[in-house]
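# Residue-level structural notes
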Amino acid sequence: MKKLLLASLLSAVSFASSATIVEVSTSQGVIKINLFDQQTPKTVENFMSYLDDAAYNQTVIHRSVKDFIIQGGGFTYSDDFDRITTKPAVINEPIYSNVKGTIAMAKLGGNPNSATSQWFFNLKDNSANLDVQNSGFTVFGQITDDSQATLDKIAALVHCGEIPVVGITTEQCLKSDVTISNANLVTIQSVLVIDDDPNSAQNLTPAKNTLISQVVPPSQKEDSSGSMAWLLGALLLVLPRLERAK
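What comes next concerns the included structure.

Rules used in this analysis
- Residues numbered from 1 in each chain as written.
- Predicted model: local features only at pLDDT ≥ 70, side-chain atom pairs only at ≥ 80, totals over all residues.
- Heavy atoms only, no water.
- Disulfide = S-S within 2.5 Å.
- Helix = DSSP H or I, 4+ residues; strand = E, 2+ residues; numbered from the N terminus.
- Buried < 20%, exposed > 50% of the residue type's maximum accessible area, 1.4 Å probe, protein only.
- Arc of directions from axis to C-beta.
- 1 Å grid on protein atoms, 1.4 Å probe; cavity = no way out; pocket = protein on both sides within 12 Å on 5 of 7 lines; lining within 4 Å.
- Points joined across faces, edges and corners; volume = space filled by probe spheres on them.
- Nonpolar A, V, L, I, M, F, W, Y, C, P; charged D, E, K, R; others polar.
- Expected span 1.5 Å × (residues − 1).
- Contact = heavy atoms within 4.5 Å.
- Pairing = 2+ DSSP bridges.
- Polar contact = N/O pair within 3.5 Å; in protein donor to acceptor, adjacent residues only side chain to side chain.

Attention now goes to the state of the cysteines. Tallied over the entire structure, the rule returns 1 disulfide. One disulfide in the model links Cys-160 with Cys-173; its S-S distance is 1.8 Å. On the S-S bond that ties Cys-160 to Cys-173, the torsion sits near -70°, and the link is left-handed. Separated by 13 residues along the polypeptide, Cys-160 in strand β11 (residues 158-160) and Cys-173 in helix α5 (residues 170-173) bring together distant segments of the chain. We classify Cys-173 as buried; its relative accessible area is 3%.

Written out as structure tokens, the structure reads:
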């Protein structure tokens, strides 16, 4: 009942009463996230603005790398991957460490303050890399323990390149006559507030990013990955490779 009530009021609430806990309902299960809204306020405000607009509804998980990350928040899918409308980039807030079970913002290479809508879940402790790369990737939440099973399920799917798929075999990924549809992708049906208490994360113990002090500010240059593309097997489905953790 509380969830339904919050969902119906979602468009009317302000960020001041936004949630610490949200629920991401995917075609492979549910992921609950404790948002660090007091520690990374700009990032959470940005994430919540997309949630309030229902911008993440019917998007897809477009990238999954074994023992690394699962990424979404950037695309819907019809006959191709369609980029969602994004808002101005948010300032980087590299307070916490990219350890297993955290969610962080994806961004352009060589530009720390370029995160917009895309985010990723850390499947393992990626702190040695992501806490320092590109001035650190902003961790803005942590999944609940029971949500790990959903991430594991997505990670275990057949992958065409870096895209997790359902109902398609590894062999079919390599064939040119296989047609992919939205039903073959991991979809996000909704992202909803389930707890609007801003203090509900106070008992969590997220790991601090202690490596960020070692970062040398990067030069502001175009990331070469911006002109690259993902190839979905022999299906020739191209995704702009713009926002990512490497």
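Looking only at helix α4 (residues 148-155), the buried set comprises Gln-148, Thr-150, Leu-151 and Ile-154. Viewed along the axis of α4, the buried residues span an arc of 160°, placing them on a single side of the element.

Take empty space enclosed by the protein next. Scanning the model with the defined rule gives 1 cavity of 30 Å³ or more in all. Estimates place the volume of the largest cavity at around 50 Å³. If you go around the largest cavity, the residues you meet are Thr-43, Val-90, Ile-91, Asn-92, Met-105, Lys-107, Pro-112, Ala-115, Phe-137 and Thr-138. For the lining of the largest cavity, the residue count by class is 6 nonpolar, 3 polar and 1 charged.

Here we take up helix α2 (residues 41-52). The end-to-end C-alpha distance of α2, which contains 12 residues, comes to 16 Å, matching closely the 16 Å that a straight helix rising 1.5 Å per residue would cover. Along α2, the positions that sit buried rather than exposed are Thr-43, Val-44, Asn-46, Phe-47, Met-48, Ser-49, Tyr-50 and Leu-51. Elements in contact with the buried residues of α2: β1 (21-26), β2 (29-35), β8 (102-105), β9 (119-122), β10 (139-143) and β13 (187-195). Positive backbone phi, at 60°, marks Ala-54, one or two positions downstream of α2.

Let us look at the pairing of strand β5 (residues 69-72). Judged by which residues are buried, β5 turns out to be covered on both faces: Ile-69 and Gln-71 on one side and Ile-70 and Gly-72 on the other are all buried. What sits between the antiparallel neighbours strand β4 (residues 63-65) and β5 is a turn of 3 residues, in which Asp-67 has the positive phi angle 55°. Relative to β9, β5 runs antiparallel, the two being bridged by 4 bridges. Bridge assignment links Gln-71 to a residue of β9, and that residue is Phe-120.

Attention now goes to the side chain of Arg-63. Positionally, Arg-63 belongs in strand β4. Reaching out from Arg-63, the side chain makes a polar contact with the side chain of Glu-162 at a distance of 2.9 Å.

Here we come to the side chain of Ser-97. The topology assignment puts Ser-97 in the loop between β7 (81-83) and β8. Of the residues examined, Ser-97 reaches a relative accessible area of 5% and is grouped as buried. A distance of 2.6 Å separates a polar atom in the side chain of Ser-97 from a polar atom in the side chain of Asp-131. When sequence neighbours within four positions are dropped, the list of residues in contact with Ser-97 reads Thr-102, Ser-127, Asp-131, Val-139, Ala-207, Lys-208 and Asn-209.

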